[in-house]
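# Observations on the three-dimensional arrangement
In case you want the letters, here they are:
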Amino acid sequence: MREIVADQNLIAACGLYCGACGSYLRGRCPGCRANERAKWCSVRSCCLQHGYKSCADCVEFSNVKDCKKYNNWIARAFGLIFRSNRAACIALIREQGYPVFAAEMAAKKRQSLPR
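Think of each chain on its own: its residues are numbered from 1, step by step along the sequence as written. It should be noted that, the model being predicted, local features are given only for residues of pLDDT at least 70 and side-chain atom pairs only at 80 or more, the latter also being counted only at that level, while totals for whole chains, interfaces and linings use all residues. Note: side-chain values were computed over all heavy atoms of the structure, leaving out hydrogens and water.

For the rest of this paragraph, the subject is the overall build of the chain. The helix and strand inventory of the chain stands at 5 helices and 0 strands. By the criteria applied, helices consist of DSSP H or I runs no shorter than four residues and strands consist of E runs no shorter than two, each listed in order from the N terminus. Reading the secondary structure of the chain in the N-to-C direction produces α-α-α-α-α. For the radius of gyration, the atom set is restricted to C-alpha positions; the globular benchmark scales as 2.2 Å times the number of residues to the power 0.38. Computed over the C-alpha atoms, the radius of gyration of the chain is 13 Å, within 12% of the 13 Å expected from 2.2 N^0.38 for a compact globule of 115 residues. Projected onto its principal axes, the C-alpha coordinates of the chain cover approximately 35 × 30 × 30 Å. Here the chain holds 115 residues, and the buried ones make up 42% of them. Three exposure classes are used, based on accessible area relative to the maximum for each residue type with a 1.4 Å probe and protein chains only: buried under 20%, partly exposed in between, and exposed over 50%.

Those residues of helix H2 (residues 42-50) that fall on the buried side of the exposure criterion are Val43, Arg44, Cys46 and Cys47. Projected down its long axis, H2 carries its buried residues within an arc of 160°, all on one side. Projecting away from the buried face of H2 at angles above 90 degrees are the exposed residues Leu48 and Gln49. What the arc describes is the spread of directions from the helix axis to the C-beta atoms.

Bringing the nonpolar core into the picture now. Here, nonpolar core refers to any group of buried Ala, Val, Leu, Ile, Met, Phe, Trp, Tyr and Cys residues whose side-chain atoms link them within 4.5 Å. Core analysis: the biggest nonpolar cluster contains 34 residues, and Tyr17, Tyr70 and Phe101 have the highest contact counts within it. Of all the elements in the fold, those that place two or more residues in this core are helix H1 (22-25), H2, helix H4 (86-96) and helix H5 (98-108).

Time to look at the pattern of salt bridges. The term salt bridge refers to a pairing of a side-chain nitrogen on Lys or Arg with a carboxyl oxygen on Asp or Glu at a separation within 4 Å. With the rule as written, the count across this model stands at 2 salt bridges. Where glutamate 36 meets lysine 39, a salt bridge forms, and the shortest distance between an N and an O atom there is 4.0 Å. You'll find glutamate 36 and lysine 39 in the same group, each marked exposed.

Just geometry here; none of it tells us what the structure is for.
If you want it as structure tokens, here you go:
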């Protein structure tokens, strides 16, 4: 099993921290950025299309909740079930940067900030 480390390359397009994900840690998933099979994710596709690391780099929406690709019913249900706050993750990345976010999530051993 992998160890949780601070690596900004493990920040998903939506703001989740793949470095603390069980699937990533068990070696079943390479993480959002490296997962070529994740073509179903419209957020990841949008970020790749625009050359963004994550939605934190988006200049079209100052609040990710205004983006229909980011804030759809599936994402809201996912956040409710897993009590994750991806929008808060994006806000933290915008405020403090990718390295600080990765370090904080690794230290907390969390995939997302809680709701």
